[in-house]
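# Architecture at a glance
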Amino acid sequence: PRITMATAETWLGDAARERLRALTEDPTAAWAAAVEAGARSDRLASDALISEATAGGLRFVCISDTHGKHFAFPELPAGDVLIHAGDFSRRGGPDEMIDFANYLSKAAAKFKQVIVVSGNHELTLDPAMAERSGCFREGSSATGKGGSALDSPEAVARLLRQHCLFVSGHAVDLPVSLAAAPLMPSRKEMRKATRGGARPGPDSYRFVEAGLAAPGVVVHEPPPGSAGATQYGPEASAAPRPPASAEAAAVPAAGAAAAAAAADPPPAAPAGIPPKPEGYIRVTGYPHQPLFCGWAFNVPRGEPIAKIWREIPSDTDVLITHGPPLGQGDRCWRGNRAGCVDLLLAVTGRIKPAVHVFGHIHEDPGISTDGTTAYINAAAVNLRYGPANPPICFQLPLPAAALAGGKPDTADFPVVARRAT
């Protein structure tokens, strides 16, 4: 059964859906239209999703947007699963990637599983952006463990995957029994365990395509040709580059709406990803966000990014995206909205996860809810990139009535007050 705590009726009728699609390039106006149609965004306390009285399940610790400042934060609270929703660097340079890998190697020792997605600042992990970013400069001395040069997205991804599941379009099925698993081993311990070609047993940590997986964890790779998959390796150079601007791939609003209306409803899981088995929590992760100043994993609003969100399995319990959906943790310091209209439509209309974790917008951290899903903006730094916000924790199943009693997120919510002084 799905792990959800509310069954609020969707506010999304056909008319509201089409109106929002027509406003996809203007998130502020789109959210005003959504609120008029009945959309909710209620603020919750930072500890609303944790209860010591609720036994069993898994505890998640969420961070995002550490931007190279991860060692400046206090030690992470203990939990079963650590999630980082991207932007762990400033530009994704090889030296920054080594620093983050070192951080993961230490932080992972408190968890049973670590799941990481990229953000728009990880230029070296976006094969379409890495070469023109200049981060892989000729003659770079940055090397990973063992002396291997960090001179390609594939090499950087391989480094990170020694310490976590580094996902882009993957579905990760976590057994509820993960709570009883041992803590993650160090890289040294993994080398010792596999010395001489020994294969780890079913109760051991093991390396899969996406990285280091805990006992019982099943990782489903995105199907070939998926819009939301990021290829690392020789085939990456042949992957199509994203358009340089929204105009380059613009789809007329009416045409995009007609195409979406004519499309068949997506299956519970994309072809190649089987349905979630009983006794598991499904986590899916994507680094993408709407086009913004030509950074990594930028995708034009409208049909190009909606195509990615249609690939998210409908039986997802925890969704990780770097950017927020429209109206939830997406308000910038000037008061305008920056969230993705099509992500909101997918989350509220089809997926309905228990929890949606993201970052990207530094000015609007915290937890909000629409009565069905808990939205977590886990951005750790503030607008001026200073360490500011602690990790946010949740547990699944969510505590009873966890999504009730929120404070309406009104226009005078003091977002600007969160800026550094």
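Residues numbered from 1 in each chain as written. Predicted model: local features only at pLDDT ≥ 70, side-chain atom pairs only at ≥ 80, totals over all residues. Heavy atoms only, no water.

## Quick notes on the packing of aromatic side chains
Aromatic rings considered in pairs are described by the distance between their centres and by the relative angle of their planes. Counted according to the given criterion, the structure contains six aromatic pairs. Centroid distance F71 to Y103: 5.4 Å. Interplanar angle 90°. Geometry classified as edge-to-face. With F71 in the loop between β2 (58–63) and β3 (81–84) and Y103 in helix α3 (residues 94–107), this pair connects stretches of sequence that are 32 residues apart. By relative accessible area, F71 is classed as partly exposed at 44%. Site record: aromatic cluster; members linked through ring pairs are F71, F88, F100 and Y103. Here the basic side chain of R90 rests over the ring of Y385, its NZ or CZ set 4.1 Å away from the ring centre. (Phe/Tyr/Trp six-rings, centres within 6.5 Å; stacked < 30°, edge-to-face > 60°. Helix = DSSP H or I, 4+ residues; strand = E, 2+ residues; numbered from the N terminus. Buried < 20%, exposed > 50% of the residue type's maximum accessible area, 1.4 Å probe, protein only. Lys NZ or Arg CZ within 6 Å of the ring centre and 35° of its normal.)

## A word on the confidence of the model for the chain
Summing up the model confidence of the chain, the mean pLDDT is 82 and the portion of residues at 70 or higher is 79%. Per-residue pLDDT stays below 50 along residues 1–8; that stretch engages in 24 contacts with residues further than four places along the chain or on separate chains. (pLDDT = per-residue confidence, 0-100. Contact = heavy atoms within 4.5 Å.)

## Regarding the packing of α3 against helix α5 (residues 153–160)
Running from amino to carboxyl end, α3 crosses α5 at an angle of 15°, the nearest separation of the two axes being 9 Å. In terms of orientation, α3 and α5 fall into the roughly parallel class. Two packed elements cross with a definite hand, and for α3 against α5 that hand is right-handed. Of the residues in α5, those touching α3 at M97, I98, F100 and A101 are V156, L159 and L160. A per-class count over the contact of α3 with α5 returns seven nonpolar, no polar and no charged. (Axes fitted to C-alpha atoms, helices over the stretch in contact; angles between N-to-C directions. Parallel < 35°, antiparallel > 145°, perpendicular 65-115°, else oblique. Left-handed = near helix turned anticlockwise from the far one by under 90°. Nonpolar A, V, L, I, M, F, W, Y, C, P; charged D, E, K, R; others polar.)

## Things to note about the sheet that holds strand β6 (residues 171–175)
Pairing is mixed in the open sheet, where nine strands are placed in the order β9-β6-β10-β13-β14-β16-β15-β1-β18. The open sheet has two edge strands with one neighbour each: β9 (218–220) and β18 (407–408). Where strand β1 (residues 42–44) and strand β15 (residues 366–369) come together, three bridges link them in antiparallel fashion. Counted as the bridge partner of D42 is T369 from β15. (Pairing = 2+ DSSP bridges.)

## A look at helix α9 (residues 341–351)
With ten of its eleven residues buried, α9 lies for the most part within the structure. Along α9, the residues that are buried comprise V341, D342, L343, L344, L345, A346, V347, T348, R350 and I351. Considering only its buried residues, α9 is in contact with α1 (14–22), α2 (27–37), α8 (303–309), β13 (318–321), β14 (355–358) and β16 (374–377). Just downstream of α9, K352 is the residue with a positive phi angle, here 50°.

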